[in-house]
Amino acid sequence: MARGGNSSSGGSSSGRSNDNSSGKRKAAGAVAKGILKPLDNVFKDGKRGGGHSSSRGPGGRDTPSPWPHRSGDPKRDLVQDRFDNFRRRVEPNELRGAPPSATGRPAGHADSKHGVDRAAQADILNNPERTFTGYNKNGREVDIYYKDGSVAITEAGKKDSVITAYGKADTTHANPKPVKPEKWADDAAYVEVQPSPANTVIYPNRQRWEEQDWP
């Protein structure tokens, strides 16, 4: 979906406002948690990382979708595809560098710039501790996979198309600097996605939840 686009259909959300000012990109007010289920979306107030957890959904990241049949609703099918993409496992030989962005940002450079080989990339992608999705500062829609101080960043919805990977996994420095998930958790340009044990999206603020803008 184009950045800033809204959708009224139930069960999902992730576009962003075109205003990328720091005020817009910082989460403010109550944290909104949207629980994505086949037919509806539930709103809960709560602190980030706490609150409601739905028992619906797959039992693990590589478990088949809980509603594998196409619904005929483009919005719901897109939501299903995005969650399935986060859950699916990838092999190192499947991974490729992402193409340059539309704005001329460089092609995938996880290995060439940061020394994170495809095996290390796959480990982060297959075993993330937290996952996020949204628009980076260059306006590109991306998925973020965080694990133990390292991050792998892919094109949105394309787990095998890696833009970059860095953090503790960087082998080009003797003492690589770990990254913190708060970089994305505290940025209103992103939503946190929890594919397991239930299909869950955590919106950074109430406004984004009300707009239902992911994906």
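Residues numbered from 1 in each chain as written. Predicted model: local features only at pLDDT ≥ 70, side-chain atom pairs only at ≥ 80, totals over all residues. Heavy atoms only, no water.

**Some remarks on the overall build of the protein**
Then, in step 1: Along its length, the protein carries 6 helices and 9 strands.
Then, in step 2: For the protein, the accessible surface area stands at approximately 10,100 Å², while carbon and sulfur atoms represent 49% of it. (Helix = DSSP H or I, 4+ residues; strand = E, 2+ residues; numbered from the N terminus. Areas by Shrake-Rupley, 256 points an atom, 1.4 Å probe, with all protein chains shown as cover.)

**Things to note about the pairing of strand 8 (residues 190-194)**
Then, in step 1: With 4 of 5 residues buried, strand 8 lies mostly within the body of the structure.
Then, in step 2: Judged from the 4 bridges that link them, strand 4 (residues 130-135) and strand 8 form a sheet pairing that is antiparallel. By the bridge assignment, G134 is partnered in strand 8 with Y190.
Then, in step 3: Pairing between strand 8 and strand 9 (residues 200-203): 3 bridges, direction antiparallel. Residue pairing across strands places V193 opposite V201, the latter belonging to strand 9. (Buried < 20%, exposed > 50% of the residue type's maximum accessible area, 1.4 Å probe, protein only. Pairing = 2+ DSSP bridges.)

**Considerations on the pattern of salt bridges**
Pairing between side chains of opposite charge can happen when their charged atoms approach one another.
Then, in step 1: Within the structure shown, the criterion is met by 12 salt bridges.
Then, in step 2: Here R82 and E141 are joined by a salt bridge, their closest N and O atoms 3.5 Å apart. Taken together, the residues span a long stretch of sequence, with R82 in helix 2 (residues 74-87) and E141 in strand 5 (residues 141-147) at a distance of 59 residues.
Then, in step 3: Judged by its relative accessible area of 7%, R82 is buried.
Then, in step 4: For D84, the salt bridge identified is with R87, shortest N-O distance 2.6 Å. In this pair, D84 and R87 are both assigned in helix 2, 3 residues apart and thus about one turn of the helix distant.
Then, in step 5: On the basis of relative accessibility, which here comes to 3%, the residue R87 falls in the buried class.
Then, in step 6: One salt-bridge network, held together by shared partners, links R88, E94, R96 and D160. (Salt bridge = Lys/Arg side-chain N within 4 Å of Asp/Glu carboxyl O.)

**Concerning a positive patch on the surface**
Then, in step 1: Among the surface-exposed residues, R105, K113, K137 and K183 lie close enough to one another that they form a single positively charged patch.
Then, in step 2: With respect to the secondary-structure elements, K183 resides in helix 5 (residues 182-185). (Patch = residues over 30% accessible without salt bridge, like charges linked within 9 Å, V, L, I, M, F, W, Y side chains within 5 Å. Lys, Arg positive; Asp, Glu negative; His and termini not counted. Charge placed at Lys NZ, Arg CZ, Asp CG, Glu CD.)

**Here we look at the confidence of the model for the protein**
Then, in step 1: Model confidence for the protein is summarised by a mean pLDDT of 73, while 67% of its residues fall at 70 or above.
Then, in step 2: Considering only residues more than four positions removed or in separate chains, one finds that residues 1-68, a stretch of pLDDT under 50, has 199 contacts. (pLDDT = per-residue confidence, 0-100. Contact = heavy atoms within 4.5 Å.)

**Here we look at the environment of N127**
Then, in step 1: Mapped onto the fold, N127 is located in the loop between helix 4 (118-126) and strand 4.
Then, in step 2: With relative accessibility at 34%, the residue N127 sits in the partly exposed group.
Then, in step 3: Leaving out residues up to four positions away in the same chain, N127 has contacts with R89 and K147.

**Remarks on the nonpolar core**
Then, in step 1: Residues L125 and W214 are the most contacted members of the largest nonpolar core, which totals 20 residues.
Then, in step 2: For this core, the secondary structure elements donating two or more residues are helix 2, helix 4, strand 7 (158-167), strand 8 and strand 9.
Then, in step 3: Membership of the second largest hydrophobic core comes to 14 residues, among which are Y146, V151, W184 and A185. (Core = buried A, V, L, I, M, F, W, Y, C linked by side-chain atoms within 4.5 Å.)

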